[in-house]
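# Overview (structure and organization)
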Amino acid sequence: MSDVNELVQRYLAAWNETDVAARRAILAEVFAEDAVYTDPLVSVQGRDGLDATIAAVQAQFGGLVFSLGGAVDAHHDIARFTWHLGPEGAEPVVIGFDVAVIGEDGRITQVLGFLDKVPAGA
């Protein structure tokens, strides 16, 4: 995947996909097999770990959708972007900021995530 904006959109699509087979297909397209994902709540390696993390987030925040919160900023093999999680078309309940490292094959090898806004009790 040569376009970083498209890669980030597909990344968010993986977080929104509730069909396990379809989500796993997106993960294979977007992430290197041994990709590492780290945020304040979890650190996992590999697509299976990321798939389990996404399923857990979907269980906790059912019915909410991830969307891009602004422009993707990228240089070399690094992209950073803000994302929103909330009801479609409404104020987000969670806001985060991710930095993704992109491998030579155009897939993500590492994500470092930060949470800027989290509801109480989440």
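Residues numbered from 1 in each chain as written. Predicted model: local features only at pLDDT ≥ 70, side-chain atom pairs only at ≥ 80, totals over all residues. Heavy atoms only, no water.

As named in an unreviewed UniProt entry, the chain is Nuclear transport factor 2 family protein, taken from Actinomadura miaoliensis.

Next up on the list: the overall build of the chain. Broken down by element type, the chain carries three helices and seven strands. N-terminal to C-terminal, the α/β element order of the chain is α-α-β-β-α-β-β-β-β-β. Here the C-alpha radius of gyration of the chain, 13 Å, is about what a compact globule of 122 residues would show, namely 14 Å. On the principal axes, the C-alpha backbone points of the chain span a range of 40 × 30 × 25 Å. Relative to its full complement of 122 residues, the chain shows a buried share of 35%. If you take every contact in the chain between residues at least 6 apart in sequence, the share linking residues at least 24 apart comes to 42%. Total accessible area computed for the chain in this model is approximately 6500 Å², and 53% of it derives from carbon and sulfur atoms. Here the chain carries 7 positive and 18 negative side-chain charges, and the mean point of each set is 3 Å from the other. (Helix = DSSP H or I, 4+ residues; strand = E, 2+ residues; numbered from the N terminus. Rg over C-alpha atoms; globule rule 2.2 N^0.38 Å. Buried < 20%, exposed > 50% of the residue type's maximum accessible area, 1.4 Å probe, protein only. Contact = heavy atoms within 4.5 Å. Areas by Shrake-Rupley, 256 points an atom, 1.4 Å probe, with all protein chains shown as cover. Lys, Arg positive; Asp, Glu negative; His and termini not counted. Charge placed at Lys NZ, Arg CZ, Asp CG, Glu CD.)

Our focus in this paragraph is the nonpolar core. If you look at the biggest cluster of nonpolar residues, it comprises 27 residues, and the most contacted ones within it are Y11, F31 and I108. If you list the elements that add at least two residues to this core, you get α1 (4–16), α2 (20–30), β1 (31–39), α3 (47–60), β5 (78–86), β6 (94–102) and β7 (108–117). Per-element accounting of this core gives the leading share, six residues, to α1. The contacts of F31, once residues within four sequence positions are left out, are Y11, R47, L50, R107, I108 and V111. (Core = buried A, V, L, I, M, F, W, Y, C linked by side-chain atoms within 4.5 Å.)

Following the criterion strictly, the structure yields six salt bridges and no others. Linking D73 and R80 is a salt bridge whose minimum nitrogen-to-oxygen distance equals 2.8 Å. A relative accessible area of 37% places D73 in the partly exposed class. Among the salt bridges present, the one from R107 reaches D105, with a minimum N-O distance of 2.9 Å. The exposure class of R107 is partly exposed, given its relative accessible area of 25%. Residue D105 is classed as partly exposed on the basis of its relative accessible area, which comes to 44%. Each member of the salt-bridge network shares a partner with another, and the members are R23, R24, D48 and D51. (Salt bridge = Lys/Arg side-chain N within 4 Å of Asp/Glu carboxyl O.)

According to UniProt, the "domain: SnoaL-like" (unreviewed entry) feature falls on residues 8–110. As annotated, residues 8–110 has a helix share of 33% and a strand share of 40%, and its two end C-alpha atoms lie 13 Å apart. (UniProt positions renumbered as here; feature names shortened; annotations may be inferred.)

Before going further, it helps to examine α2. Where α2 is concerned, the buried positions are R23, I26, L27 and V30. Seen end-on, α2 carries its buried residues on one side only, within an arc spanning 100°. As for α2, its buried residues are in contact with α1, β1, α3 and β7. Near the N-terminus of α2, the side chain that reaches the backbone nitrogen of A21, with its oxygen 3.3 Å away, is that of D19. (Arc of directions from axis to C-beta. Polar contact = N/O pair within 3.5 Å; in protein donor to acceptor, adjacent residues only side chain to side chain.)

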